[in-house]
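As a plain string of letters, each chain reads:
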Amino acid sequence: KQEVTQIPAALSVPEGENLVLNCSFTDSAIYNLQWFRQDPGKGLTSLLLIQSSQREQTSGRLNASLDKSSGRSTLYIAASQPGDSATYLCAVAGGSQGNLIFGKGTKLSVKP
Amino acid sequence: DAGITQSPRHKVTETGTPVTLRCHQTENHRYMYWYRQDPGHGLRLIHYSYGVKDTDKGEVSDGYSVSRSKTEDFLLTLESATSSQTSVYFCAISVRDVGANNEQFFGPGTRLTVL
């Protein structure tokens with residue numbers, strides 16, 4: 001059974017710092033990996049999708065990498081801002097229908 | 001904005017009553033999903049649909065049923081609500097068909113409280 005783990009569960013950094021969020025998964029047979037952002041009381045916003053054949057994807061200050069063989073992904077946030085404060089969720093898609101399995105998230109706080 | 005709405009956004013009900021949550025999409029996508037989000041458990045899949053009248057169970061389907069009579073609407077029904085079904089419910093759609101490009105987009109959620 002696929003399991004997705006995100007470490008740390010919470011992270012607090014000063015504004016301007018570059019940071020890395022980690023995601024690991026137990027079964028490397030995935031179609032893709034998706035990173036989401038969730039603000040308190042809100043829905044999930046898709047940030048990046050990395051297909052299983054890709055190594056990384058970039059969007060603005062965000063860069064996500066995927067190492068399928070080791071079961072790891074990282075989300076790199078450059079020059080963090082207070083507006084980046086949110087919970088970041090990692091999810092992997094697998095199985096015949098490509099359903100997502102989620103990690104429990106990393107709650108990020110960026111202090112001004 | 002993937003054109004997903006959920007109704008109601010908030011609901012308080014009593015144990016034993018039936019409850020139906022609605023998910024509506026404007027993009028005509030084939031795949032739709034229902035998840036629940038609980039502290040300590042994260043998001044878990046309840047049911048999903050891969051077409052009109054085509055549905056299947058997810059990880060936590062007990063106590064829930066779904067229906068999809070039109071492409072744009074996916075209904076989640078709690079036949080007899082219990083306090084353990086107090087949660088935030090999210091609907092999602094897949095922008096493309098299943099496979100490597102299966103990116104999912106989420107609705108705003110429904111907060112359900114069962115007293």
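Refer to the preceding data block for the structure.
In this text the structure is predicted, and so the values were computed from the model without any measurement.

J.: Would you take a moment to explain the state of the cysteines for this structure?
T.: The term disulfide refers to a covalent linkage connecting the sulfur atoms of a pair of cysteines. Residue and element names in this part refer to chain B. Under the defined criterion, the tally for this structure stands at two disulfides over all chains. Put simply, Cys23 and Cys91 are joined by a disulfide, and their sulfur atoms are 1.9 Å apart. Note on the Cys23 and Cys91 pair: the S-S dihedral is about -70°, so by sign convention the disulfide is left-handed. Here Cys23 is found in strand 3 (residues 19-25), whereas its partner Cys91 is found in strand 9 (residues 87-94), with 68 residues between them in sequence.

J.: Help me out: how do you make sense of the pairing of strand 8 (residues 72-77) of chain A in this one?
T.: Sheet faces and side chains relate simply in a regular strand, where the side chains alternate between the two faces. All names here are of chain A. Burial along strand 8 is one-sided: Ser73, Leu75 and Ile77 are buried, and none of Arg72, Thr74 and Tyr76, which face the opposite way, are. Taken together, the six bridges between strand 3 (residues 19-25) and strand 8 define a ladder with antiparallel strand orientation. Its bridge partner being in strand 8, Ser24 is matched across the sheet by Arg72. Hairpin connection, strand 7 (residues 62-67) to strand 8: the antiparallel pair is bridged by four residues, and Gly71 has positive phi, about 70°.

J.: What's the story with the environment of Ser69 of chain A in this structure? I'm lost.
T.: All names here are of chain A. With respect to the helices, strands and loops of the structure, Ser69 is situated in the loop between strand 7 and strand 8. On the basis of relative accessibility, which here comes to 70%, the residue Ser69 falls in the exposed class. In this structure the C-alpha to C-alpha distance between Ser69 and Asp27, which are 42 residues apart in sequence, comes to 9.2 Å. At a separation of 2.8 Å, a polar atom in the side chain of Ser69 contacts the side chain of Asp67.

J.: Before we go on, may I ask you to explain the side chain of Gln2 of chain A in this structure?
T.: Residues and elements named next belong to chain A. Among the secondary structure elements, Gln2 is positioned in the segment before strand 1 (4-7). On the basis of relative accessibility, which here comes to 15%, the residue Gln2 falls in the buried class. One polar contact links the side chain of Gln2 to the main-chain amide nitrogen of Thr26, over a distance of 3.0 Å. Of note is the side chain of Gln2, whose polar atom sits 2.9 Å from the backbone oxygen of Asp27. With sequence-adjacent residues up to four places away left out, Gln2 is seen in contact with Phe25, Thr26, Asp27, Ile30, Val92 and Ile101.

J.: When you look at the pattern of salt bridges in this model, what are you seeing that I'm missing?
T.: Where charged atoms from two side chains of opposite charge approach closely, those side chains can pair. The final tally for this structure, using the stated rule, is seven salt bridges over all chains. With its nearest N and O atoms 3.0 Å apart, the salt bridge here joins Arg37 of chain A to Asp39 of chain A. For Arg37 of chain A, a relative accessible area of 17% translates into the label buried. Judged by its relative accessible area of 27%, Asp39 of chain A is partly exposed. With a shortest N-O distance of 3.3 Å, Lys70 of chain B and Asp73 of chain B are connected by a salt bridge. The structure contains a network of salt bridges with shared partners spanning Arg22, Lys70 and Asp73 of chain B.

The rules behind the values
- Residues numbered from 1 in each chain as written.
- Chains lettered and ligands numbered in written order.
- Predicted model: local features only at pLDDT ≥ 70, side-chain atom pairs only at ≥ 80, totals over all residues.
- Heavy atoms only, no water.
- Disulfide = S-S within 2.5 Å.
- Helix = DSSP H or I, 4+ residues; strand = E, 2+ residues; numbered from the N terminus.
- Buried < 20%, exposed > 50% of the residue type's maximum accessible area, 1.4 Å probe, protein only.
- Pairing = 2+ DSSP bridges.
- Polar contact = N/O pair within 3.5 Å; in protein donor to acceptor, adjacent residues only side chain to side chain.
- Contact = heavy atoms within 4.5 Å.
- Salt bridge = Lys/Arg side-chain N within 4 Å of Asp/Glu carboxyl O.

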